[in-house]
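Chain by chain, the residues run as shown.
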Amino acid sequence: MTSGLWELVLQGVWVTVQLLFFSSLLAAGVSFVVGIARTHRLWIVRFLAGFYTEVFRGTSALVMIFWVFFVLPPAFGWQLVPMWAGTLALGLTYGAYGSEIVRGALGAVDPAQKEGGIALSFTPWQRMKLILLPQAVPEMIPPFSNLLIELLKGTALVSIMGMGDLAFSGNLVRLALQESAEIYTYILLIYFVIAFLLTRVMRGLEKKLKAGVGKAPTPEPEVELKRPEATNVGGAV
C-alpha cells in the first residue's frame, strides 16, 4: 500500500480508539448505576433498572445505532454527529450487559460482610462504598475485560453511518486497491493487536485491585517432572 492509504488506515485506527474510549466510559457508568440499582431495596428502582437492562439486551446494537442516528434526531429537531451517536448507542447497549456483571459481583459478596456493616450502623451507601464495592470490583474485571473486547468489535458497526473508523477506512482501501485478502488480513491483525493490549491492561488492573484487598492471584504451580522409576522388565535376576 502507498503511504497515503496507510495514513487513511491509521486515521481509522485513531477514530476507532476514540470511539472505544468514549463508549466504554459511558458503558462503565451505566453498568455501575444500573447494576447497583438492581440491588436497591425499593422494588420500583429494581423494576426500572431491570426494564432498562432487558430492553437494551434484547435489541440489536446495529438497529440501535440506526435508531439513535436516524430516528431520534428528527423527533427532537437536532442531529448527532456520528461519533456521539455511536458512543450513545454502544455505551447504552453494552452498559446493559455490564450492569449484570455488577449485579452478580455485588450479590457474590459474603452476606456476613453486609451484616457486619449493618452491625456497625453503616448507611446503605457506606456499606456499598466501604464494604461491597471494594470486594466486588476486582471480581468484575475478568468479565468486564471480555465485554470491552466485544465493545471493540462492536465499534465496526458505526461504519454504516459513514464514520471513518477502522472498518470503514479498510473498506475504502480495499476498493482503491481491489485487493480483499491482503487488506482484510491487515484489518484483522490491527483489531487483534488492540484487543491484546486491552487484555494486558485489564489483567494488570485485576492484579492491582486484588492485591489491594488481599486477593492477589496466586502464581500458577510449577509442574515438577519426575524421572520414572526403573522397572524390572525381565524379572528379578
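It should be noted that the structure appears before, not after, this text.
Remember, predicted model here, so these are calculated numbers, not experimental data. (Residues numbered from 1 in each chain as written. Predicted model: local features only at pLDDT ≥ 70, side-chain atom pairs only at ≥ 80, totals over all residues. Heavy atoms only, no water.)

Enquirer: Looking at this structure, I do not really get the overall build of the protein. What am I missing?
Expert: Helices and strands together make up the secondary structure of the protein, namely 8 helices and 0 strands. Ordered by position from the N terminus, the helices and strands of the protein form the series α-α-α-α-α-α-α-α. The 237 residues of the protein split such that 35% are buried. Intrachain contacts of the protein at a sequence separation of at least 6 include 74% that bridge at least 24 residues. With an accessible surface of roughly 14,400 Å², the protein has 67% of that area assigned to carbon and sulfur atoms. (Helix = DSSP H or I, 4+ residues; strand = E, 2+ residues; numbered from the N terminus. Buried < 20%, exposed > 50% of the residue type's maximum accessible area, 1.4 Å probe, protein only. Contact = heavy atoms within 4.5 Å. Areas by Shrake-Rupley, 256 points an atom, 1.4 Å probe, with all protein chains shown as cover.)

Enquirer: It is not clear to me how the packing of helix α5 (residues 111-119) against helix α6 (residues 124-154) should be interpreted in this structure. Could you clarify?
Expert: Two elements in contact, α5 and α6, have axes whose closest approach is 10 Å; the angle formed by their N-to-C orientations is 165°. In this view, α5 runs roughly antiparallel relative to α6, as classed from their interaxial angle. By crossing handedness, the relation of α5 to α6 is classed as right-handed. Contacts between α5 and α6 involve Gln-113, Lys-114, Gly-117 and Ile-118 on the former and, on the latter, Arg-127, Ile-131, Leu-132 and Gln-135. Counted by class, the contact of α5 with α6 contains 3 nonpolar, 3 polar and 2 charged residues. (Axes fitted to C-alpha atoms, helices over the stretch in contact; angles between N-to-C directions. Parallel < 35°, antiparallel > 145°, perpendicular 65-115°, else oblique. Left-handed = near helix turned anticlockwise from the far one by under 90°. Nonpolar A, V, L, I, M, F, W, Y, C, P; charged D, E, K, R; others polar.)

Enquirer: Explain a nonpolar patch on the surface here, please?
Expert: A cluster of nonpolar side chains, namely Leu-42, Trp-43, Ile-44, Phe-47, Leu-48, Phe-51 and Val-55, defines an oily patch on the protein surface of about 720 Å² accessible area. Within the element layout of this structure, Ile-44 appears in helix α2 (residues 43-57). (Patch = residues over 30% accessible without salt bridge, like charges linked within 9 Å, V, L, I, M, F, W, Y side chains within 5 Å. Salt bridge = Lys/Arg side-chain N within 4 Å of Asp/Glu carboxyl O.)

Enquirer: It is not clear to me how the pattern of salt bridges should be interpreted in this structure. Could you clarify?
Expert: All chains considered together, the criterion is met by 6 salt bridges. Lys-153 serves as the salt-bridge partner of Glu-150, at 3.1 Å between the closest nitrogen and oxygen. Highlighted residues: Glu-150 and Lys-153, both in helix α6, separated by 3 residues, approximately one helical turn. Residue Lys-153 is classed as partly exposed on the basis of its relative accessible area of 47%. The salt bridge involving Lys-210 is made with Glu-206; its shortest N-O contact spans 3.2 Å. In this pair, Lys-210 and Glu-206 are both assigned in helix α8 (residues 180-212), 4 residues apart and thus about one turn of the helix distant. When sorted by exposure, Lys-210 lands in the same class as Glu-206, which is buried.

Enquirer: Quick question: what am I supposed to make of the packing of aromatic side chains here?
Expert: Under the criterion given, the structure shown has 11 aromatic pairs. Ring centres 6.2 Å apart and planes at 45° place the aromatic pair Tyr-94 and Tyr-97 in the tilted group. Of this pair, Tyr-94 and Tyr-97 are both found in helix α4 (residues 82-107), 3 residues apart, which corresponds to roughly one turn of the helix. What makes Tyr-94 buried here is its relative accessible area of 11%. Judged by relative accessible area, which is 35%, Tyr-97 ranks as partly exposed. (Phe/Tyr/Trp six-rings, centres within 6.5 Å; stacked < 30°, edge-to-face > 60°.)

Enquirer: Would you mind showing me how to read α4 here?
Expert: In an α-helix, one turn spans 3.6 residues; hence positions three or four apart end up facing the same way. In a regular helix each residue adds 1.5 Å, so 26 residues correspond to 38 Å; α4 covers 37 Å between its end C-alpha atoms and thus fits that length. Where α4 bends most, the angle comes to about 30°, and this point is Ala-96. (Expected span 1.5 Å × (residues − 1). Bend = angle between axes of the 7 residues up to and from the residue.)

Enquirer: When you look at α6 in this model, what are you seeing that I'm missing?
Expert: Over its 31 residues, α6 runs only 36 Å from end to end, short of the ideal 45 Å by more than 12%, given 1.5 Å per residue. The sharpest bend along α6 comes to roughly 50°, located at Leu-132, with the proline Pro-134 sitting one to four residues further on.

Enquirer: Teacher, can you tell me more about the environment of Met-163 here?
Expert: Looking at the element boundaries, Met-163 is found in the loop between α6 and α7 (166-177). Spatially, the C-alpha atoms of Met-163 and Met-83 are 7.4 Å apart, while their sequence positions differ by 80 residues. If we skip the residues at most four places from it in the chain, Met-163 touches Val-15, Leu-19, Pro-82, Met-83, Val-158 and Phe-168.

Enquirer: Can you walk me through the packing of helix α3 (residues 61-76) against α4 in this structure?
Expert: Between two packed helices, what matters for the description is the angle formed by their axes and the separation of those axes. For the pair α3 and α4, the least separation of the axes is 9 Å and the interaxial angle reads 135°. Between α3 and α4, the interaxial angle falls into the category oblique. Every pair of crossing elements has a handedness; the one defined by α3 and α4 is right-handed. In this structure, α3 uses Ala-61, Met-64, Ile-65, Val-68 and Phe-69 to contact α4, whose residues at the interface are Pro-82, Ala-85, Leu-88, Ala-89, Leu-90 and Thr-93.

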